[in-house]
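Observations on the model geometry
These are the residues of each chain, in order.
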Amino acid sequence: MTSYRLTAPQHLDTIIELPASKSISNRALIIYALSGGRTLPQNLSDCDDTEVIINALRYMPETIDIKAAGTAMRFMTAYLSVMRGTHILTGTERMRHRPIGVLVDALLKLGAEIEYAGEAGFPPLRITGKPLEGGMLEILGNISSQYISALLMIGPMLKKGLTLRLTGDIISRPYIDLTLWMMREFGARAEWTAVDTITVDPQPYKDRGYFIENDWSSASYWHEMVAISDDPEATIRLTGLTNGSKQGDSVTRYIFSLLGVKTIFETKKEGVPQTVTLKRSGHCVPKLEYDFVNSPDLAQTFVVTCLAKDIPFHFTGLSTLKIKETDRIEALKKEVRKLGYVIKSRHDSELFWDGERCEPSTDEGIDTYEDHRMALAFAPFALKQPGLLINNPHVVTKSYPHFWNDLIKAGFEIKQEG
């Protein structure tokens, strides 16, 4: 097993070129392919999750292995359903235990031809693409928004379009809105027509050039460093972020403002990629309560940040964390104990910490569970604990391949062990 031992600098002052948004890249690639695939989007993410989609669309092999890319599994399932040909869609061992039944059932109702090539409800899938009628469809709103986005993006290709009614609570709405916004950018007619209903007209996409902004999720780890650093003059500049971004995780700037971090844009222009500067504000809430129902991928970052700053917290809206790359709720509870903290969960959708501590056992290192966000969220804790050990650190390639090089650029020392 490979591990990295991290030692943080005393002072933070650097400029970081963030990776392109994985969320936007993956959507842009699917829409690009559905539009006829003549103008490849620019500034695509170089992460693993995007690379598997690029390779799948470029070569379209009989067996498509999307590895650990959950987004690719959901998006490609819908995409292959409307593209002629038969393919097996598979992934890693963990991916073959991540549920896909809700999406498959929805596509079957639209007339898709999909069979389970293994255990029912899970990948691998055998998909034979063909033209689909479309029409009215109901789906739970409290499942992964990627299921919903996958269905929406093929909507313009359906003969009758798609009317999608979301039942129950609707989670991760910003990701759904991001999908609709990008669809309209490519000429589709897709919009909310009621509080729980989205209508997509059977109007084909238009091929166009498209430039992808940088990633707010990746920015969150640099906000975290400024928040927990002991350097009162800590300053980090991040490139290519957009003020007024449609990315759900752009809420990072607001939540971190509650934890003492200012996000300063160069200008007031909206929709134009800019360099932003992160500085400490000196103002911090005594306890953080937040509902992550619209941005669950940020939960790990804020758990670690609050612990490092000794700020009690109560986080809700975390029901999807159990079906991510790992069960993130249980992984967090286990790994923070190694740092000397005891956090608790409730109803499989809440995490809270009231200040309870335990004896740390950091010699074991932080396990990452094949989950990029475990490595990314815990690494900044080295600012509080010199010599922090991160096990299997290469998982960051899933979303932020050059993260460790960026840490070195920022002054961190990284020693490989094992």
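I will try to describe carefully the structure that is included in this document. Every value quoted in this text rests on a predicted model; they were computed, and no experiment measured them.

**Structural notes on the overall build of the chain**
Helix and strand counts for the chain come out as 12 helices and 19 strands. The C-alpha atoms of the chain give a radius of gyration of 21 Å, which matches the 22 Å a tight globule of 418 residues would have. Overall, the chain is about 60 × 50 × 40 Å in size when its C-alpha atoms are taken along their principal axes. In the chain, buried positions account for 58% of the 418 residues. Long-range contacts, defined as pairs at least 24 residues apart, comprise 73% of the intrachain contacts of the chain with a sequence gap of at least 6. Carbon and sulfur atoms form 47% of the exposed surface of the chain, whose accessible area is close to 16,400 Å².

**Comments concerning unusual backbone geometry**
In most cases, non-glycine residues show a negative phi, while peptide bonds are predominantly trans. In the segment running from Pro 123 into Pro 124, the intervening peptide bond is cis, with an omega of 5°. Its place among the elements puts Pro 124 in the loop between strand S5 (113–116) and strand S6 (125–129). Positive phi, normally seen in glycine, also occurs at Asn 43, with a value near 60°. With respect to the secondary-structure elements, Asn 43 resides in the loop between helix H1 (22–34) and helix H2 (48–59). Its identity is not glycine, yet Lys 67 carries a phi of approximately 60°, on the positive side.

**Things to note about the environment of Gln 42**
For Gln 42, the location among the structural elements is in the loop between H1 and H2. Counting along the chain gives 170 residues from Gln 42 to Ile 212, while the straight-line C-alpha distance between them is 6.2 Å.

**Points about the pattern of salt bridges**
A full pass over the atoms with the stated rule returns 23 salt bridges. Close ionic contact of Arg 126 with Glu 115 constitutes a salt bridge, the shortest N to O distance being 3.3 Å. In this pair, Arg 126 is assigned in strand S6 and Glu 115 in strand S5, connecting sequence segments 11 residues apart. Classification of Arg 126 by relative accessible area gives partly exposed; the value is 35%. Glu 356 is the partner of Lys 344 in a salt bridge, and the nearest nitrogen-oxygen pair spans 3.5 Å. Placement of the pair is Lys 344 in strand S16 (residues 344–346) and Glu 356 in the loop between strand S17 (350–353) and helix H11 (372–378), with a sequence separation of 12 residues. One network of salt bridges, with partners in common, ties together Asp 297, Arg 328, Asp 371 and Arg 373.

**Observations concerning the nonpolar core**
Residues Trp 222, Leu 238, Phe 313, Phe 315, Phe 403 and Trp 404 are the most contacted members of the largest nonpolar core, which totals 69 residues. Per-element tally for this core: the top contributor is helix H7 (residues 216–228), with eight residues. Aside from chain neighbours lying at most four places away, what touches Phe 313 is Lys 287, Leu 288, Val 303, Cys 306, Leu 307, Ile 343, Leu 351, Phe 352 and Trp 353. Leu 29, Leu 89, Leu 164 and Ile 176 belong to the second-largest nonpolar core, a separate cluster that totals 66 residues.

**What about H7?**
Here H7 contains 13 residues, and its C-alpha end-to-end distance of 19 Å stays within 8% of the 18 Å for a straight helix at 1.5 Å per residue. With respect to burial, H7 is a largely interior element, 13 of its 13 residues being buried. Its side-chain oxygen 3.5 Å from the backbone nitrogen of Ser 217, Asp 215 forms the N-cap of H7.

**Quick word on helix H3 (residues 70–81)**
The end-to-end C-alpha distance of H3 is 17 Å, a good match for the 16 Å that 12 residues give at a rise of 1.5 Å each. Counting buried positions along H3 yields 12 of 12 residues, so the element is predominantly enclosed.

**Points about the sheet that holds strand S12 (residues 261–265)**
Strand pairing in a sheet takes place through backbone hydrogen bonds and is either antiparallel or parallel in direction. Judged by pairing direction, the sheet is mixed, and its four strands sit side by side in the order S2-S11-S13-S12 without closing on themselves. Taken across any chain shown, the strands that pair with only one partner, and hence form the sheet edges, are strand S2 (13–16) and S12. On average, each strand axis in the sheet is inclined to that of its neighbour by 25°, with strand direction left out of account. In this structure, S2 lies alongside strand S11 (residues 235–242), joined through four bridges in parallel fashion. For Asp 13, the partnering residue across the bridge sits in S11 and is Thr 235. Where H7 meets the sheet, its contacts fall on S2, S11, S12 and strand S13 (273–280), and the angle it forms with S11 comes to roughly 165°.

**Re the state of the cysteines**
Summed over all chains, the structure comprises zero disulfides. You can see Cys 358 has no disulfide; the closest cysteine sulfur is in Cys 306, sitting 17 Å from it.

**So, the packing of H1 against H3**
Interaxial distance between H1 and H3 falls to 11 Å at its minimum, and their mutual angle equals 15°. Taken as axis vectors, H1 and H3 run roughly parallel relative to one another. Crossing handedness for the pair H1 and H3: right-handed. Contacts between H1 and H3 involve Asn 26, Arg 27, Ile 30, Ala 33 and Leu 34 on the former and, on the latter, Thr 71, Phe 75, Met 76 and Tyr 79. Split by residue class, the contact of H1 with H3 holds six nonpolar, two polar and one charged.

**Re the sheet that holds strand S8 (residues 162–167)**
A sheet is described by the order of its strands in space; here four strands give the open sequence S7-S8-S10-S9, paired in mixed fashion. Only two strands of the sheet have a single partner each, and these edge strands are strand S7 (135–140) and strand S9 (190–194). Strand-to-strand twist in this sheet, taken as the mean axis angle between neighbours without regard to direction, amounts to 25°. Contacts from helix H6 (residues 173–185) reach S8, S9 and strand S10 (197–200) within the one sheet, and its direction differs from that of S9 by about 130°.

**A short note on the packing of aromatic side chains**
Here the structure, examined in full by the defined rule, presents 14 aromatic pairs. Look at Tyr 400 and Phe 403: their rings are 5.2 Å apart centre to centre, the planes differ by 65°, and that puts the pair in the edge-to-face class. Residue class for Tyr 400 comes out buried when judged on its relative accessible area of 0%. Accessibility expressed as a relative area gives 0% for Phe 403, which makes it buried. Taken together, the aromatic side chains of Tyr 4, Tyr 221, Trp 222, Tyr 400, Phe 403 and Trp 404 make up a single cluster linked through ring pairs.

Rules used throughout
Residues numbered from 1 in each chain as written. Predicted model: local features only at pLDDT ≥ 70, side-chain atom pairs only at ≥ 80, totals over all residues. Heavy atoms only, no water. Helix = DSSP H or I, 4+ residues; strand = E, 2+ residues; numbered from the N terminus. Rg over C-alpha atoms; globule rule 2.2 N^0.38 Å. Buried < 20%, exposed > 50% of the residue type's maximum accessible area, 1.4 Å probe, protein only. Contact = heavy atoms within 4.5 Å. Areas by Shrake-Rupley, 256 points an atom, 1.4 Å probe, with all protein chains shown as cover. Salt bridge = Lys/Arg side-chain N within 4 Å of Asp/Glu carboxyl O. Core = buried A, V, L, I, M, F, W, Y, C linked by side-chain atoms within 4.5 Å. Expected span 1.5 Å × (residues − 1). Polar contact = N/O pair within 3.5 Å; in protein donor to acceptor, adjacent residues only side chain to side chain. Pairing = 2+ DSSP bridges. Axes fitted to C-alpha atoms, helices over the stretch in contact; angles between N-to-C directions. Disulfide = S-S within 2.5 Å. Parallel < 35°, antiparallel > 145°, perpendicular 65-115°, else oblique. Left-handed = near helix turned anticlockwise from the far one by under 90°. Nonpolar A, V, L, I, M, F, W, Y, C, P; charged D, E, K, R; others polar. Phe/Tyr/Trp six-rings, centres within 6.5 Å; stacked < 30°, edge-to-face > 60°.

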